[in-house]
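# Fold and contact review
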Amino acid sequence: MPNPTPPSTESELLRILRDAEHTYVSGEQISKKLNVTRSALWKHVSNLRQSGYTINASTKRGYKFVSAPDLLLCDEIQAHLDTSFIGSQILTYETIDSTNRAALQFGEQGLKEGLVICAESQTKGRGRLGRAWASPKGKGIYLSILLRPKLEIREIAKITLATAVTVCSAIAAETGVQAQIRWPNDVLVGDKKLCGILTEISAEADRVKHLVVGVGINVNSTAEDLPPVGTSVHLVTGKAWNRARLAARFLNEFEKTYKALQKGKFAEIVRDWESLSVLSGKNVVAKGLNGDIEGVAMGIDEEDGALWIRRDTGIQTKVLSGDIQFIR
Ligand code: BTN
């Protein structure tokens, strides 16, 4: 079974330079700490520059960290990470078919809970109900987290709902954009989609073996990058945002929410969810595999995260999956 890779010399070099907070660190000091020669150090600095980092070099003063590239690099996410197990291993790809597909496969191979797979672009980004997820290169956050939760299969919607709450709070904290949630997994600004969440499982009888929660956030996408129903943080704010920082903020908050969920605190998550929901009290139709259910959206079931709809007859029906549309 593959083990997490130890931090590379370049990761450690970045950490030393970052810790110096934009002041120079002498080459001699760095070489000693990394246990490498001065010429090897120079090679590592050149490699980082080639990856897009700006590092100043001065013969007298040494090296100074100036800026990082806008890439979802493992080092960039980890530099802002404050978690105990989520993201303890991060694998990043320039292009991949689907981060969810890869994370499920790594789950099968026995990799640890908390593994994060990130990509700059996806060629077969998976959406809900067999749809595709537009994943233009360098514009969004496409990431999947491998989890091994103590949950029954009927409870997995709880993870999706908890993730939606976390995405909203991370986006609000990092960018000021107040998104809302449409059950079960759409994060919206107005009626346009900012983020989608896809939870997939590998199960045995009624036990979850492992689970992958995949998150696609439209960060710096332009209107041309997205389907007509999509929007991005950039389109809402008019600014470009650092994707690695936003991804780290999401992972930091996700770990807290996930720990709460594992301690049985779903009711607290439901309360946050209700305050962000666009549905409560609205006339809706749930379009599912077994036909349409029309009525007033009442709220979330605290046992399994299903949506309760009150029909005209007064009977309340539980909806476990489907697409929700508003009716005027
Ligand atoms: C949806 O709203 O339909 C869900 C979209 C989920 C997209 C993300 S992007 C990262 C992860 N990998 C995938 O293939 N899909 C999810």
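Residues numbered from 1 in each chain as written. Predicted model: local features only at pLDDT ≥ 70, side-chain atom pairs only at ≥ 80, totals over all residues. Heavy atoms only, no water.

### A short note on unusual backbone geometry
Geometrically, the link from Trp 183 to Pro 184 is a cis peptide bond, its omega value of 0° lying close to zero. As for its position among the elements, Pro 184 is in the loop between β6 (180-182) and β7 (186-189). The phi angle at Leu 129 is positive, at roughly 50°, despite the residue not being glycine. Relative to the assigned elements, Leu 129 resides in the loop between β4 (116-122) and β5 (140-147). (Helix = DSSP H or I, 4+ residues; strand = E, 2+ residues; numbered from the N terminus.)

### Some details on the confidence of the model for the protein
Close inspection of predicted coordinates is inappropriate in any region flagged by low pLDDT. Here the protein shows a mean pLDDT of 92. Residues at 70 or above account for 98%. Scored below 50 in pLDDT, residues 1-6 makes seven contacts in the model with residues more than four places away or belonging to other chains. (pLDDT = per-residue confidence, 0-100. Contact = heavy atoms within 4.5 Å.)

### Quick word on helix α6 (residues 157-175)
In an α-helix there are 3.6 residues to a turn, and that puts residues three or four apart on one side. If you check α6, its first and last C-alpha atoms are 27 Å apart, about what 19 residues at 1.5 Å a residue would give, namely 27 Å. Judged by how many residues are buried, α6 sits mostly within the fold: 15 of 19 residues are covered. Downstream of α6 by one or two residues, Gly 176 has phi in the positive range, about 85°. (Expected span 1.5 Å × (residues − 1). Buried < 20%, exposed > 50% of the residue type's maximum accessible area, 1.4 Å probe, protein only.)

### Here's the deal with the pairing of β7
Across three bridges, the pairing between β6 and β7 is antiparallel. Note that in β7 the partner of Arg 182 across the bridge is Asp 186. In textbook terms, the turn of a hairpin is the stretch between consecutive antiparallel strands, and for β6 and β7 this stretch comprises three residues. Bridge analysis of β7 against strand β8 (residues 192-204) gives four bridges, and the strand direction is antiparallel. Among the inter-strand pairings, Val 187 is bridged to a residue of β8, identified as Cys 195. (Pairing = 2+ DSSP bridges.)

### Describing the side chain of Ser 202
Tracing the sequence through the fold places Ser 202 in strand β8. Exposure remark for Ser 202: the relative accessible area of 10% places this residue in the buried category. At a separation of 3.3 Å, a polar atom in the side chain of Ser 202 contacts the side chain of Glu 108. (Polar contact = N/O pair within 3.5 Å; in protein donor to acceptor, adjacent residues only side chain to side chain.)

### So, the sheet that holds strand β10 (residues 283-288)
The strand order across the open sheet built from five strands is β13-β12-β11-β10-β14, with neighbouring strands paired in antiparallel fashion. Bordering the open sheet on either side are β13 (316-319) and β14 (323-326), each of which pairs with just one other strand. Ignoring which end each strand starts from, the neighbouring axes of this sheet average 45° apart. As judged from the four bridges shared by β10 and β14, these two strands associate in the antiparallel manner. The partner of Val 284 across the bridge, within β14, is Phe 326. (Axes fitted to C-alpha atoms, helices over the stretch in contact; angles between N-to-C directions.)

### Some details on the sheet that holds β6
The strand order across the open sheet formed by seven strands is β3-β4-β5-β9-β8-β7-β6, and the pairing between neighbours is mixed. Edge strands, defined here as strands with exactly one partner in the open sheet, are β3 (90-96) and β6. Each strand of the sheet is rotated relative to its neighbour by a mean of 20°, with strand direction disregarded. The pairing of β8 with strand β9 (residues 207-218) spans ten bridges and is classified as antiparallel. Across the sheet, the residue bridging to Gly 196 is Gly 216, located in β9.

### Side note on the packing of aromatic side chains
By the definition in use, this model includes five aromatic pairs. Ring geometry for Phe 250 versus Phe 254: centroids 5.7 Å apart, planes at 45°, classification tilted. Of the two residues, Phe 250 and Phe 254 are both situated in helix α8 (residues 243-262); the distance of four residues between them amounts to about one turn of the helix. Under the relative-accessibility criterion, Phe 254 is labelled buried at 2%. Seen from their ring centres, Phe 254 and Tyr 258 are 5.9 Å apart, and the 10° between their planes marks the pair as stacked. (Phe/Tyr/Trp six-rings, centres within 6.5 Å; stacked < 30°, edge-to-face > 60°.)

### Looking at the nonpolar core
The tendency in soluble globular proteins is for nonpolar side chains to be buried as a group. The biggest cluster of nonpolar side chains holds 65 residues, and the ones touching the most others in it are Ile 77, Leu 143 and Ile 145. Ignoring sequence-local partners within four residues, the contact set of Ile 77 consists of Leu 72, Ile 90, Cys 118, Ala 244, Ala 247, Ala 248 and Leu 251. (Core = buried A, V, L, I, M, F, W, Y, C linked by side-chain atoms within 4.5 Å.)

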